[in-house]
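Given next are the chains, with one letter for each unit.
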Amino acid sequence: MKSHIIIITGYLAAGKSTFARRLSEAISVPCIVKDTFKNALCASVDVDSREESSRFSAVTFDAMMYVAERHIETGCPIIIEGNFVPYGVKKTDEAGVIKALIEKYNCRSLTFKFVGGTRILHKRFIERDILPERGQANMMGYEPSYDEFDLWCRNLDGFDLKDSIVMVDTTDFGMVNFEKHIETAREFLRTI
């Protein structure tokens, strides 16, 4: 039996985590939300700088892949969420690691790629970053300029596993048919 992995990735502040949790509940498949997982890993550690936060992001990604592989190797579906980067953006080619995992187990994959107008997403990002639920490990510690934020988002454009990709534009949440995307995931899980 082939395993199934659903990847939710894309721009910052585009609603990926909210959708991942909603999808997980709707289809009864566990999900790992990168920022939440990072907060859990850093619960007893002080993260005092952006550099430390970046280091813990790398550790979080490695831990996520370990958990995802344990699910996949036993035939259990899993959802992973994060702003996974392609080759050349960070030290780790996260897209390449995910692709290698998919190929190793010959599992089926579906990607929801969240995008949107970066001016609006930048505003959301700034508002979100000061919320306590972001957790110390995920807070920026400064307000990035629009140009800096836009570059971060554009760096994520290259994520492409050559699988089924569903583009989700969340510039206006009211225009997104989330139920349709949940049904797409249900149909995906029915495939063998």
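Just above, that's the structure.
In this convention, every chain numbers its residues from 1, walking through the sequence in written order. Selection of residues for local features in this predicted model requires a pLDDT of at least 70, selection of side-chain atom pairs for listing and counting requires 80 or more, and totals for whole chains, interfaces and linings are taken over all residues. The basis for the side-chain values is all heavy atoms of the structure; hydrogens and waters are excluded.

## Observations regarding the overall build of the protein chain
The test is simple: Numbered from the N terminus, helices here are DSSP runs of H or I no shorter than four residues, and strands are runs of E no shorter than two. Atoms counted for the radius of gyration: C-alpha only. Globule rule: 2.2 Å times the number of residues to the power 0.38. The buried label applies to any residue whose accessible area, calculated with a 1.4 Å probe on protein chains only, is under 20% of its type's maximum; exposed applies above 50%, and partly exposed to all values in between. Here, two residues are considered to be in contact whenever any of their heavy atoms come within 4.5 Å of each other. In short, Shrake-Rupley with a 1.4 Å probe defines the accessible areas, and a residue's cover is counted only from the protein chains shown. The positive count covers Lys and Arg only, the negative count covers Asp and Glu only, and His and the chain ends enter neither. Each charge is placed at NZ for Lys, CZ for Arg, CG for Asp and CD for Glu.
Along the protein chain, the regular secondary structure elements total seven helices and five strands. In terms of C-alpha radius of gyration, the protein chain reaches 16 Å, essentially the compact-globule figure of 16 Å for 192 residues. Residues counted as buried form 46% of the 192 residues belonging to the protein chain. Taking the intrachain contacts of the protein chain between residues at least 6 apart in sequence as the baseline, contacts between residues at least 24 apart amount to 76%. When the accessible surface of the protein chain is totalled, it reaches about 9900 Å², and 54% of it is carbon and sulfur. Of the side chains in the protein chain, 25 bear a positive and 28 a negative charge, and the two mean positions are spaced by 4 Å.

## As for the packing of aromatic side chains
Operational definition: Classification of ring pairs rests on two measures: the distance between centres of Phe, Tyr or Trp rings, Trp counted by its six-membered ring, which must be within 6.5 Å, and the angle between planes, read as stacked under 30 degrees, edge-to-face over 60 and tilted in between. Criterion for a charge above a ring: Arg CZ or Lys NZ at most 6 Å from the ring centre, at most 35 degrees from the ring normal.
As enumerated under the stated definition, the model contains seven aromatic pairs in all. Between Phe84 and Phe159 the ring centres are 6.4 Å apart and the planes differ by 35°, which places this aromatic pair in the tilted class. Placement of the pair is Phe84 in the loop between strand S3 (78–81) and helix H4 (94–105) and Phe159 in the loop between helix H6 (146–155) and strand S5 (164–169), with a sequence separation of 75 residues. The class of Phe159 is buried, set by a relative accessible area of 1%. Cluster of aromatic residues (ring-pair linked, three or more members): Phe19, Phe112, Phe114 and Phe178. The aromatic ring of Tyr66 is capped on one face by Arg70, whose charged end is 4.5 Å from the ring centroid. The cationic tip of Arg119 hangs over the ring face of Tyr146; the distance from NZ or CZ to the ring centre is 3.6 Å.

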